[in-house]
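So the chains spell out like this:
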Amino acid sequence: MNLGNSSTSFDQAATNSRVETCRQVVRDAELGKRLADKLVKIYRIGGEESWILIHLEIQSQSESDFSERMFTYNYRIYDRYKRSVASLAILGDEQVNWRPNRFGYELFGTKVEFQFPIVKLLDYKQRQSELEASRNPLATVVMAHLAAVQTKSDRLQRKQQKLSLVRRLYQQGFEREDVLNLLAFVDWVLTLPQDLEREFQHEVEQLEAEQRMQYVTSFERSGIEKGKLEALLKGIALGLKLKFGESGQNLFPEIESIQDVSVLEAVLEGIDTASTVSQLRQIYQSHTTDTQQGN
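Small disclaimer: the values here were computed from a predicted structure and weren't measured.

A. Examining the nonpolar core more closely. By size, the foremost hydrophobic cluster in this structure holds 21 residues, and its most contacted members are Ile236, Leu240, Leu251, Ile255, Leu264, Leu280 and Tyr284. Contact partners of leucine 280, with chain neighbours within four places excluded, come to Leu240, Phe244, Leu251, Val267, Gly270, Ile271 and Ala274. Tyr124, Val142, Leu146 and Ala148 belong to the second-largest nonpolar core, a separate cluster that totals 17 residues.

What follows is the structure in structure tokens.
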């Protein structure tokens, strides 16, 4: 990932783009949990009529079959469009040595070998000064991710780092649309309990008053918060269905009434570790109790 000087616009790489969900690409086949992130069609800056397909996969945790899944996406996309496909993986997990970048097999003289480039976000932990000096918007994305990992068990420190990132955004002089997009990402990655979120919003308002600028209106802040809740609930609903079936779906009405983003985040993570619906219920009930006691 090059963090050198770049335009502040997210659209610089293409004059025309189309984004499709991978469900459209593989809608003729049952893929189970094989849901890719985005399939993007871009036109080259030079104006050539040829076009390429880029499959970008963002992976937040290690998976034993990740390389095979990347291969599956690649050949299914190629099979649909009959055009070359570039598959790229961004690894946001916390395991330093997990770096999958190839898949292949050999049988009776037939050999298949698939390799793809990766970006390991943890590698940028040692390049913090480079990130801070960069005006590339992606630097803010990486810094937010690293802060989320670092402050996983320290929410007060998370609030401070979140405020620091917002202050940095305001000082970078980005276009308003870019600031809004980055603020939404920072807000999504660095979730806070309700009490700390209120403190954070108050400090942001003070920051805006000091610098005489307001990028996000109260209405837009409300929309961002609503979007986070909806996205978390959608992910939880899918996770409950895939892992626990009908019993998981029956639990969803309870979870749906939770309005604290940090609690819903814990529920989503808990789906992966809980063996039963009862264990999952204990996770969000304990978080709700802790939140109430903290208030």
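Alright, that's what it looks like, and here's the rest.
B. Looking closely at the packing of helix H4 (residues 137-150) against helix H5 (residues 155-172). Across the interface, H4 lies against H5 with an axial gap of 10 Å and an inter-helix angle of 170 degrees. By the angle class used here, H4 and H5 are roughly antiparallel. Here Ala139, Thr140, Met143, Ala144, Ala147, Ala148 and Gln150 of H4 come into contact with H5, specifically with Arg158, Gln161, Leu165, Arg168 and Leu169. For the contact of H4 with H5, a count of residues per class yields seven nonpolar, three polar and two charged.

C. Inspection of the pairing of strand E5 (residues 102-107) at higher detail. As paired elements, E5 and strand E6 (residues 110-115) share six bridges and run antiparallel to each other. Within E6, the residue paired with glycine 104 across the bridge is glutamate 113. The turn joining E5 and E6, which pair antiparallel and follow one another in sequence, is formed by two residues; a positive phi near 50 degrees is taken by phenylalanine 108.

D. A look at the pattern of salt bridges. Per the stated rule, a full pass over the model turns up 15 salt bridges. For the salt bridge of arginine 127 with glutamate 130, the shortest nitrogen-to-oxygen distance reads 2.9 Å. On the basis of relative accessible area, glutamate 130 is assigned to the partly exposed category, the value being 33%. Among the ionic pairs, glutamate 265 bridges to arginine 155, the shortest N-O distance being 3.8 Å. With glutamate 265 in helix H10 (residues 261-273) and arginine 155 in helix H5, the pair connects residues that are 110 residues apart, well separated along the chain.

E. Spatial organisation of helix H2 (residues 66-81). End to end, H2 covers 23 Å across 16 residues, agreeing with the expected 22 Å (1.5 Å per residue, within 8%). Regarding H2, the residues found buried are Phe66, Ser67, Arg69, Met70, Phe71, Thr72, Tyr73, Asn74, Ile77 and Tyr81. Looking one or two residues beyond H2, the residue adopting positive phi is lysine 82, at roughly 55 degrees.

F. Up close: a nonpolar patch on the surface. Taken together, Tyr105, Leu107 and Phe108 make up a surface patch of nonpolar side chains, about 410 Å² in accessible area. One can find leucine 107 in strand E5.

G. Quick peek at helix H6 (residues 176-189). With 14 residues, H6 should reach 20 Å at 1.5 Å per residue; the first-to-last C-alpha distance of 20 Å fits that figure. Among all positions of H6, only Asp178, Val179, Leu180, Leu182, Leu183, Val186, Asp187 and Val189 are buried.

H. View of the side chain of aspartate 93. Note that aspartate 93 resides in the loop between strand E4 (85-91) and E5. Aspartate 93 gets classed as buried once you look at its relative accessible area, which sits at 1%. At 2.9 Å, the side chain of aspartate 93 and the backbone nitrogen of glutamine 95 are in polar contact. Of note is the side chain of aspartate 93, whose polar atom sits 2.7 Å from the side chain of lysine 120. Apart from residues lying up to four places away in sequence, aspartate 93 is in contact with Gln59, Ser60, Gln61, Ser62, Trp98, Lys120 and Leu122.

I. Broad picture of the packing of aromatic side chains. With the rule as written, the count across this model stands at seven aromatic pairs. Taken together, a centroid distance of 5.7 Å and an interplanar angle of 55 degrees make the contact between phenylalanine 71 and phenylalanine 114 tilted. With phenylalanine 71 in helix H2 and phenylalanine 114 in strand E6, this residue pair connects regions lying 43 residues apart in the sequence. Here phenylalanine 71 matches phenylalanine 114 in class, with each residue buried. Taken together, the ring pairs connect Phe66, Phe71, Tyr75, Trp98, Phe103, Tyr105, Phe114 and Phe116 into an aromatic cluster. Between arginine 80 and the ring centre of tyrosine 81, over which it is positioned, the NZ or CZ distance is 5.6 Å. The aromatic ring of phenylalanine 200 is capped on one face by lysine 162, whose charged end is 4.6 Å from the ring centroid.

The rules behind the values
- Residues numbered from 1 in each chain as written.
- Predicted model: local features only at pLDDT ≥ 70, side-chain atom pairs only at ≥ 80, totals over all residues.
- Heavy atoms only, no water.
- Core = buried A, V, L, I, M, F, W, Y, C linked by side-chain atoms within 4.5 Å.
- Buried < 20%, exposed > 50% of the residue type's maximum accessible area, 1.4 Å probe, protein only.
- Contact = heavy atoms within 4.5 Å.
- Axes fitted to C-alpha atoms, helices over the stretch in contact; angles between N-to-C directions.
- Helix = DSSP H or I, 4+ residues; strand = E, 2+ residues; numbered from the N terminus.
- Parallel < 35°, antiparallel > 145°, perpendicular 65-115°, else oblique.
- Nonpolar A, V, L, I, M, F, W, Y, C, P; charged D, E, K, R; others polar.
- Pairing = 2+ DSSP bridges.
- Salt bridge = Lys/Arg side-chain N within 4 Å of Asp/Glu carboxyl O.
- Expected span 1.5 Å × (residues − 1).
- Patch = residues over 30% accessible without salt bridge, like charges linked within 9 Å, V, L, I, M, F, W, Y side chains within 5 Å.
- Areas by Shrake-Rupley, 256 points an atom, 1.4 Å probe, with all protein chains shown as cover.
- Polar contact = N/O pair within 3.5 Å; in protein donor to acceptor, adjacent residues only side chain to side chain.
- Phe/Tyr/Trp six-rings, centres within 6.5 Å; stacked < 30°, edge-to-face > 60°.
- Lys NZ or Arg CZ within 6 Å of the ring centre and 35° of its normal.

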